[in-house]
Amino acid sequence: MKIGIIYSTSKKSTKKSCKLLYDKINADVQLIPIDKAKTACILKYNFIIFVASAYRGKIDSNLKIYLMRNFKNIKEKPIALAINCENDLNNEKIFNKLYTEELVNSSHINSNFGYELNIEDKGFFEKIRTKNKTEDIIPKLNINEINKFSDYINNLIEQRVD
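For clarity, every value in this text was computed on a predicted model and none was experimentally measured.

**Here we look at helix H3 (residues 61-69)**
Where H3 is concerned, the buried positions are Leu-63, Tyr-66 and Leu-67. Down the axis of H3, the buried side of the element spans an arc of 95 degrees, and every buried residue falls inside it. Of the residues in H3, the exposed ones pointing more than 90 degrees away from the buried face are Met-68 and Arg-69. Buried residues along H3 sit against strand S1 (2-8), helix H2 (39-44), strand S3 (47-55), strand S4 (58-59), helix H4 (71-75) and helix H6 (101-106). Two or three places before Asn-62, at the start of H3, stands the capping residue Asp-60, its side-chain oxygen 3.2 Å from that residue's backbone nitrogen.

**As for the environment of Ile-32**
Mapped onto the elements, Ile-32 comes out in strand S2 (residues 28-33). Overall, Ile-32 belongs to the buried group, its relative accessible area being 6%. Once the C-alpha coordinates of Ile-32 and Cys-18 are considered, the two residues, 14 residues apart in sequence, prove to be 9.6 Å apart.

**Side note on the nonpolar core**
Side chains of a nonpolar character, in soluble globular proteins, are inclined to be buried together. Counting 25 residues, the largest nonpolar core has Ile-6, Phe-50, Leu-63, Tyr-66, Leu-81 and Tyr-99 as the members making the most contacts within it. Among the elements that make up this core, the one with the highest residue count is S3 (four residues). Beyond its immediate stretch of four places on either side in the chain, Ile-6 contacts Ile-32, Ile-34, Ala-37, Cys-41, Ile-48, Ile-49, Phe-50, Val-51, Leu-63 and Tyr-66. Among the nonpolar cores identified, the runner-up in size contains 20 residues, and Leu-21, Ala-82, Phe-113 and Phe-149 belong to it.

**Re the packing of aromatic side chains**
Counting across every chain of the model gives two aromatic pairs. Ring centres of Phe-95 and Tyr-99 lie 6.3 Å apart, and the angle between their planes is 15 degrees; this geometry places the pair in the stacked category. On the basis of relative accessible area, Phe-95 is assigned to the buried category, the value being 2%. Residue classification places Tyr-99 among the buried positions, given a relative accessible area of 3%. Here the aromatic rings of Phe-113 and Phe-149 are separated by 5.2 Å at their centres, their planes lie at 90 degrees, and the arrangement is edge-to-face. Note that Phe-113 is positioned in the loop between strand S6 (107-112) and helix H7 (124-130) and Phe-149 in helix H8 (residues 143-159), a separation of 36 residues in sequence. Per residue, the accessibility class of Phe-113 equals that of Phe-149, and both read buried.

**What to know about H8**
The end-to-end C-alpha distance of H8, which contains 17 residues, comes to 24 Å, matching closely the 24 Å that a straight helix rising 1.5 Å per residue would cover. Note on H8: the residue one or two positions beyond its end, Arg-160, has a positive phi of about 60 degrees.

Calculation notes
Residues numbered from 1 in each chain as written. Predicted model: local features only at pLDDT ≥ 70, side-chain atom pairs only at ≥ 80, totals over all residues. Heavy atoms only, no water. Buried < 20%, exposed > 50% of the residue type's maximum accessible area, 1.4 Å probe, protein only. Helix = DSSP H or I, 4+ residues; strand = E, 2+ residues; numbered from the N terminus. Arc of directions from axis to C-beta. Contact = heavy atoms within 4.5 Å. Polar contact = N/O pair within 3.5 Å; in protein donor to acceptor, adjacent residues only side chain to side chain. Core = buried A, V, L, I, M, F, W, Y, C linked by side-chain atoms within 4.5 Å. Phe/Tyr/Trp six-rings, centres within 6.5 Å; stacked < 30°, edge-to-face > 60°. Expected span 1.5 Å × (residues − 1).

Take a look at the structure:
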């Protein structure tokens, strides 16, 4: 089975979570940044995973446009959806707002991988947010959620859902 992970990121944690997912899925997997994604990507793969960083209740406009332009082809493929944002945002209402209700309903699995702040690479606002926080309070990727997601995908692969 060929799997495409199409992702958009404004933060490095989304790319990092996609690489972790890539390493855990037992199939021919390709990481595709949204700026390199073409319509052919949807046709080329048996299963598509869309991953986006969510910021202020929105995902990257390039991914939104890609999803709208290719909606017909996407609906014909098995898909999975993931976001990178605050860990407490993992419900259907959030996914319906970020993607679309129809995409969410057709997705095999929806997940929030959390996000992390890189202490060495912090911008001004991250420095303010983490100024008085200890290392264990600074947000980290939710590795357990990434593992659950990859286990689910691997189970689908074993069942040969295409």
